[in-house]
Amino acid sequence: MINKLKNSCRVCNNSIEIFMNFGDMPIANNLITNNTNSTLDSEFKYDMDVAFCTKCACFQVTNVPNKNLMFNNSYAYFASESKEMINHFYNLSQEIITKYLIGPDDYILEIGCNDGILLKNFSDQKIPHLGIDASSNLVEKAKMDGINVKCAFFDDISADEIENEYGKAKVIVLTNTMHHIENCNAVAKAISLLLSKDGVLIIEDPYLVDMIDLGSFEQIYAEHNFIWCLSSYSYLFEMYGIYINDVKHFDKHGGSMRYYFSKKLSIKSKEVTFYENVEKKNKINDLKTYVDFKEKSEKICSDLLKFVSDKVSKGYTVCGYGATAKSCTILNYAKITNNLLTCIYDSTPFKINKLTPGTHIPIRDAKLIKEDQPDFTILFAWNHKSEILKKERLTKTTWIEYIPEINEINEN
Ligand code: TYD
Ligand code: ZN
């Protein structure tokens with residue numbers, strides 16, 4: 001059930017430095033449906049260590065559970081729950097349509113297309129596209145929206161099938177997906193075979209430098225096998241003849257980077273040089289950087305536990321907002337369970353009335369927060385802060401954020 005790493009880097013096989021242990025962790029998106037003692041007792045857990053590689057700068061989780069345990073017919077994250085993310089991917093679709101999808105046989109392949117948040121923009125305009133995703137519940141939803149989608153893991157076999165049926169792809173996109181893929185070498189190789197010689201590969205996911213800077217250690221959980229950066233992506237893809245030509249930084253998910261790759265080595269934008277320097281300045285190859293990050297993370301956990309325990313002992317109700325995968329890491333690491341938090345509000349129908357993994361906190365329909373009026377609400381979906389606070393402006397509660405430190409949010 002666990003694919004153990006044996007202390008060597010998944011990208012370059014160098015020995016790695018394990019610098020942090022989270023202890024026993026459940027799978028972040030495995031929400032509990034059946035609230036019986038036997039389901040709670042038999043919950044799958046794995047010992048989560050994290051490490052980095054001094055050679056290729058790759059930040060990685062060491063013991064990764066088997067992918068079928070994480071990506072299956074009950075994957076809980078539906079990207080289209082956020083209007084901001086819908087806009088974000090609409091903008092990306094317009095850029096792709098105008099810049100890259102020009103020839104009559106051009107099509108876009110999205111690996112890990114989730115509920116079709118990006119591809120919907122292509123299907124609406126009848127532009128050739130294909131999505132692939134391993135979670136059947138997401139694929140069903142995407143299909144209902146008219147998106148051309150295949151339910152499978154992306155690997156050399158599915159890449160071959162795609163090439164036989166559709167030919168080489170002009171555009172391949174992975175948004176918030178590549179960091180889920182444990183077997184990154186095989187996937188990078190399959191991408192290089194499927195991408196046309198004048199094609200573009202676009203990858204976007206949480207950016208390592210931002211995570212270290214903010215202390216947002218919650219980005220680490222088994223589905224996020226890796227937290228990538230320019231240096232580690234360059235190292236990986238250059239082995240397969242694919243080079244980073246440009247990057248764009250976004251505030252999404254606490255800091256994300258979009259990387260544009262092609263088979264052309266010669267092009268490198270000013271932004272790429274800028275972020276190469278950022279990574280050098282932030283010493284992403286240095287053990288001390290990660291030891292400091294660990295200390296910062298532990299302080300965030302202990303401060304949050306102290307805050308919640310203190311309020312609960314004084315008789316206040318404390319709830320959460322956003323049953324995010326990120327919250328699974330902090331709640332389990334800080335040991336904030338259902339004896340402290342009353343519930344976590346969330347708008348995702350699939351999550352409502354289930355329990356959070358490991359900590360068994362009830363997930364309650366976000367619509368009910370207005371009438372419940374908890375004294376304190378911890379914003380676990382802090383990456384959607386402006387959207388949520390706007391939506392909940394009439395809700396009477398004190399909103400709390402905890403990254404980089406505990407703070408009462410006073411929005412006016
Ligand atoms: P997100 O932070 O995007 O992902 P992750 O699970 O990778 O950490 O998850 C946001 C969660 O917040 C998701 O469960 C939906 C929920 N949500 C609301 O309940 N209301 C909202 O207005 C928004 C934007 C999100
Ligand atoms: Zn390495």
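Here we summarise the structure given alongside this text.

Each value, and the rule that gives it
Residues numbered from 1 in each chain as written. Chains lettered and ligands numbered in written order. Predicted model: local features only at pLDDT ≥ 70, side-chain atom pairs only at ≥ 80, totals over all residues. Heavy atoms only, no water. Helix = DSSP H or I, 4+ residues; strand = E, 2+ residues; numbered from the N terminus. Rg over C-alpha atoms; globule rule 2.2 N^0.38 Å. Buried < 20%, exposed > 50% of the residue type's maximum accessible area, 1.4 Å probe, protein only. Contact = heavy atoms within 4.5 Å. Areas by Shrake-Rupley, 256 points an atom, 1.4 Å probe, with all protein chains shown as cover. Lys, Arg positive; Asp, Glu negative; His and termini not counted. Charge placed at Lys NZ, Arg CZ, Asp CG, Glu CD. Donors = N, O, S within 2.8 Å, 3.2 Å for Na, K, Ca; no water. Tetrahedral: all angles 85-135°; square planar, octahedral: opposite > 155°, others 65-115°. Core = buried A, V, L, I, M, F, W, Y, C linked by side-chain atoms within 4.5 Å. Pairing = 2+ DSSP bridges. Axes fitted to C-alpha atoms, helices over the stretch in contact; angles between N-to-C directions. Near = heavy atom within 4 Å. Polar contact = N/O pair within 3.5 Å; in protein donor to acceptor, adjacent residues only side chain to side chain. Salt bridge = Lys/Arg side-chain N within 4 Å of Asp/Glu carboxyl O.

### Focus: the overall build of the chain
Right, so step 1: Looking only at helices and strands, the chain features 14 helices and 19 strands.
Right, so step 2: A globule of 412 residues ought to have a C-alpha radius of gyration of about 22 Å, and the chain, at 21 Å, matches this closely.
Right, so step 3: Considering only C-alpha atoms, the chain reaches an extent of 65 × 45 × 45 Å along its principal axes.
Right, so step 4: Of all 412 residues assigned to the chain, the portion counted as buried reaches 58%.
Right, so step 5: The long-range share in the chain, meaning contacts at least 24 apart out of those at least 6 apart in sequence, stands at 68%.
Right, so step 6: Carbon and sulfur atoms make up 49% of the accessible area of the chain, which totals about 17600 Å².
Right, so step 7: If the 46 positive side-chain charges of the chain are averaged to one point and the 54 negative ones to another, these points end up 2 Å apart.

### Quick notes on the coordination of the zinc ion (ligand 2)
Right, so step 1: Surrounding the zinc ion (ligand 2) are the protein donor atoms Cys 9 (SG), Cys 12 (SG), Cys 53 (SG) and Cys 56 (SG), which sit 2.3 Å from the metal.
Right, so step 2: Relative to the metal, the four donor atoms surrounding the zinc ion (ligand 2) lie at angles of 99 to 119°, and the coordination shape comes out tetrahedral.
Right, so step 3: Sequence spacing of the donors to the zinc ion (ligand 2): C-x2-C-x40-C-x2-C. Here Cys 9 is found in the loop between β1 (2–3) and β2 (17–25), whereas its partner Cys 56 is found in the loop between β3 (46–52) and β4 (59–61), with 47 residues between them in sequence.
Right, so step 4: In this structure Cys 9 comes out as buried when scored by relative accessible area, which is 3%.
Right, so step 5: A relative accessible area of 2% means that Cys 56 is categorised as buried.

### Remarks on the nonpolar core
Right, so step 1: Leu 109, Phe 154, Met 178 and Phe 237 are the most contacted members of the largest nonpolar core, which totals 102 residues.
Right, so step 2: The element contributing the most residues to this core is helix α11 (residues 287–313), with seven residues.
Right, so step 3: Excluding anything up to four places from it in sequence, Phe 237 contacts Met 178, Ala 188, Ile 191, Leu 201, Ile 203, Ile 242 and Phe 261.
Right, so step 4: Among the nonpolar cores identified, the runner-up in size contains 24 residues, and Met 85, Ala 142, Val 171 and Tyr 260 belong to it.

### Description of the sheet that holds β2
Right, so step 1: Strand order in the open sheet formed by four strands is β2-β3-β4-β11, with antiparallel pairing between adjacent strands. At either margin of the open sheet sits one strand with a lone partner, and together these are β2 and β11 (226–227).
Right, so step 2: With three bridges joining them, β3 and β4 adopt antiparallel strand pairing. Looking at the pairing, Val 50 lines up with Val 61 of β4.
Right, so step 3: The strands touched by α11 within the sheet are β2, β3 and β4, with β2 carrying the most contacts at an inclination of about 30°.

### Structural notes on the site of ligand 1
Right, so step 1: Ala 325, Lys 326, Asp 346, Lys 351 and Lys 391 are the nearest of the 18 residues found near ligand 1.
Right, so step 2: Within the side chain of Lys 326, an N or O atom sits 2.6 Å from an oxygen atom of ligand 1.
Right, so step 3: In this structure, an oxygen atom belonging to ligand 1 sits 2.9 Å away from a side-chain N or O atom of His 384.
Right, so step 4: Considered on its own, ligand 1 offers 560 Å² of accessible surface; in the complex 96% of this is hidden by protein.
Right, so step 5: Examining the composition of the shell around ligand 1, we find that three residues originate from one element, helix α14 (residues 385–391), more than from any other.

### Quick word on the sheet that holds strand β8 (residues 149–151)
The strands that make up a sheet pair up through hydrogen bonds in the backbone, lying either parallel or antiparallel.
Right, so step 1: One open sheet holds the seven strands; their spatial order is β8-β7-β6-β9-β10-β13-β12, and the pairing between them is mixed. The open sheet has two edge strands, β8 and β12 (243–250), and neither has a second partner. Across the sheet, the axes of successive neighbouring strands diverge by a mean angle of 15°, strand direction being ignored.
Right, so step 2: Across the face of the sheet, helix α6 (residues 156–166) comes into contact with β6 (108–111), β7 (129–133) and β8 while running at roughly 165° to β7.
Right, so step 3: The strands touched by helix α7 (residues 184–194) within the sheet are β6, β9 (169–175) and β10 (195–206), with β10 carrying the most contacts at an inclination of about 145°.

### Structural notes on the pattern of salt bridges
Right, so step 1: Applying the stated criterion to the full structure yields 19 salt bridges.
Right, so step 2: With a shortest N-O distance of 3.1 Å, Asp 124 and Lys 120 are connected by a salt bridge. With Asp 124 and Lys 120 both in helix α4 (residues 120–124) and four residues apart, the pair spans about one turn of that helix.
Right, so step 3: The exposure class assigned to Lys 120 is partly exposed, which follows from its relative accessible area of 29%.

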